[in-house]
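If you want the building blocks of each chain, they are given just below.
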Amino acid sequence: MTQDELKQAVARAAIDYVPQGIIGVGTGSTANFFIDELAKVKGRFDGAVASSEATAQRLKSHGIAVYELNNVGELEIYVDGADEITKHLHMVKGGGGALTREKIVAACAKKFICLADASKLVDVMGKFPLPVEVIPMARSYVARELVKLGGQPRLREGFTTDNGNVILDVLGLTIMNPVELETKLNQIVGVVTNGLFALRPADVLLLGTADGVKTMKAGD
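The paragraphs below set out a description of the structure included in this document. Remember, predicted model here, so these are calculated numbers, not experimental data.

About the cut-offs
- Numbering of residues begins from 1 in every chain and follows the order in which that chain's sequence is written.
- Note on the predicted model: pLDDT of at least 70 is required for a residue's local features to be given, and 80 or more for side-chain atom pairs to be given and counted; whole-chain, interface and lining totals, by contrast, use all residues.
- For side-chain calculations, the full set of non-hydrogen atoms in the structure is used, while hydrogens and water are omitted.
- The helix count covers DSSP runs of H or I at least four residues long, the strand count covers runs of E at least two residues long, and both are numbered beginning at the N terminus.
- Each residue is assigned to one of three classes by its accessible area relative to the maximum for its type, calculated with a 1.4 Å probe on protein chains only: buried under 20%, partly exposed between the two thresholds, exposed over 50%.
- Between two residues, a contact is recorded if the distance between any of their heavy atoms is within 4.5 Å.
- The nonpolar core is taken to be a set of buried Ala, Val, Leu, Ile, Met, Phe, Trp, Tyr and Cys residues, with the residues joined through side-chain atoms within 4.5 Å.
- Fitting a line to C-alpha atoms yields each axis, with helices limited to the stretch in contact; the angle taken between N-to-C directions then spans 0 to 180 degrees.
- What sets the label is the angle itself: under 35 degrees gives roughly parallel, over 145 gives roughly antiparallel, 65 to 115 gives roughly perpendicular, and the rest give oblique.
- Note on convention: the crossing is left-handed when the near helix lies turned anticlockwise from the far helix by less than a right angle, right-handed when the turn is clockwise.
- When residue character is reported, Ala, Val, Leu, Ile, Met, Phe, Trp, Tyr, Cys and Pro are called nonpolar, Asp, Glu, Lys and Arg charged, and the others, Gly included, polar.
- The method works on a 1 Å grid over the protein atoms by themselves. A cavity is a set of points holding a 1.4 Å probe that cannot get out, a pocket is an open set with protein on both sides within 12 Å along at least five of seven lines, and residues with an atom within 4 Å of a point line them.
- Grid points are joined across faces, edges and corners, and a volume is the space filled by probe spheres set on the points.
- Any two strands with at least two DSSP-identified bridges between them are counted as paired.

1. What to know about the overall build of the chain
Across its full length, the chain carries six helices and 13 strands. In terms of principal-axis extent, the alpha carbons of the chain reach across some 50 × 40 × 30 Å. Within the chain, the proportion of its 220 residues that are buried is 52%. Put simply, of all contacts in the chain between residues at least 6 apart along the chain, 71% involve residues at least 24 apart.

Right, dumping it as structure tokens:
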């Protein structure tokens, strides 16, 4: 199976988790496959909260109602992909640049369902550059602080987040304690948030493999 076929398989599997009411939807290629599957069952739920402008547009193009998070409150589920994920369901996210809004929507969800193909499952995170969203005037300062932590920050050229900020992609990290590192990075002045999802990991991972979709849960 191709990578896209694996993503489609997990997107279809995630439909079983869709409740009535309003759901949170992530950003990226895997989330897009999920949105396309949602369009087939849009009578089953009331609408969605989007984690990016791009996701909102894709949802609307399918005739799915999009709600502002401030008008909704708690969500039953949040569904999104990952750039890397461990067996503990800690993740690196933000390859698409929507990490801050993704983290906010995930925080409001009772259950976080991650969709990924087998290539995203790793023993130790860090091979994928860790995105850090930064207030523009703090870019140089934050970069120097990241170097002190052993990282090699690179500005994501020509990219601005939906929040009007920049992203530093940090290479060279071996992330042995993701909860500690997530906290430490967020304490750097000028950092909005970083792409580690460890303080609030996924609850369920639907993993696309050559042998079908495997379900992993936190604590398994």
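Back to the text.
2. Comments concerning the side chain of His-90
With respect to the element layout, His-90 can be found in the loop between strand E4 (84-85) and strand E5 (91-92). Residue classification places His-90 among the buried positions, given a relative accessible area of 15%. In this view, His-90 contacts Glu-84, Ile-85, Met-125, Pro-178, Val-179, Phe-197, Ala-198 and Pro-201; residues no more than four positions away in its chain are not counted.

3. A short note on the nonpolar core
Core analysis: the largest hydrophobic core is formed by 25 residues, its most contacted members being Ile-23, Val-25, Phe-34, Leu-38, Leu-59, Leu-115 and Leu-206. The set of elements that each furnish at least two residues to this core consists of helix H1 (3-14), strand E1 (22-25), helix H2 (29-38), strand E2 (47-50), helix H3 (53-61), strand E3 (75-80), strand E6 (109-117) and strand E12 (204-209). Setting aside anything within four residues of it in sequence, one finds Leu-115 in contact with Val-10, Ala-11, Ala-14, Thr-30, Phe-34, Val-79, Asp-80, Gly-81, Ala-82 and Leu-206. The next biggest cluster of nonpolar side chains, apart from the first, holds 20 residues, and it includes Ala-82, Cys-114, Ala-116 and Phe-197.

4. Overview of the packing of H2 against H3
Where H2 meets H3, the axes come as close as 9 Å, and the angle between the chain directions of the two elements is 25°. If you check the angle between H2 and H3, you find them roughly parallel. You can see that H2 and H3 cross each other, and the crossing is right-handed. Note on element contacts: H3 touches H2 through Thr-55, Arg-58 and Leu-59, opposite Asn-32, Ile-35, Asp-36 and Leu-38. By residue class, the composition of the contact of H2 with H3 is three nonpolar, two polar and two charged.

5. A short note on the layout of surface pockets
Approximately 330 Å³ is the volume attributed to the largest pocket. Ala-50, Tyr-67, Glu-68, Leu-69 and Arg-101 are, among the 15 residues lining the largest pocket, the residues nearest its centre. Among the secondary structure elements, those contributing two or more residues to the lining of the largest pocket are E2, H3 and helix H4 (99-107).

6. Digging into the sheet that holds E12
Taken in spatial order, the six strands of this open sheet run E2-E1-E3-E6-E12-E13, and their pairing is mixed. Lying at the two open borders of the sheet, with one neighbouring strand each, are E2 and strand E13 (212-217). Direction aside, neighbouring strands of the sheet carry axes that sit 25° apart on average. Sheet topology places E1 next to E2; four bridges connect them, and they run parallel. Bridging across to E2, Gly-24 finds its partner in Val-49. Sheet strands in contact with H2 are E1, E3 and E6, and its direction is about 155° off that of E1.

7. A look at the sheet that holds strand E10 (residues 191-194)
By way of backbone hydrogen bonds, the strands of a sheet pair with one another, either parallel or antiparallel. Overall, antiparallel pairing links the four strands, which are arranged E8-E9-E7-E10 in an open sheet. The open sheet has two edge strands, strand E8 (152-155) and E10, and neither has a second partner. Adjacent strand axes in the sheet meet at a mean angle of 30°, parallel and antiparallel pairs treated alike. Examined bridge by bridge, E8 and strand E9 (residues 166-171) share four bridges and lie antiparallel to one another.

8. A word on the pairing of E3
By the criterion of burial, E3 is predominantly enclosed, with five of the six residues buried. Here two bridges tie E1 to E3, and the two strands are oriented parallel to one another. Across the sheet, residue Val-25 finds its bridge partner in E3, namely Val-79.

9. Here we look at empty space enclosed by the protein
To locate leftover empty space, one rolls a probe as large as a water molecule over the atoms. One pass over the structure, following the stated rule, counts one cavity of 30 Å³ or more. Lining of the largest cavity is provided by Leu-130, Val-132, Leu-146, Leu-149, Gly-151, Val-170, Leu-173 and Leu-185. Of the residues contributing to the lining of the largest cavity, the split by class is seven nonpolar, one polar and no charged.

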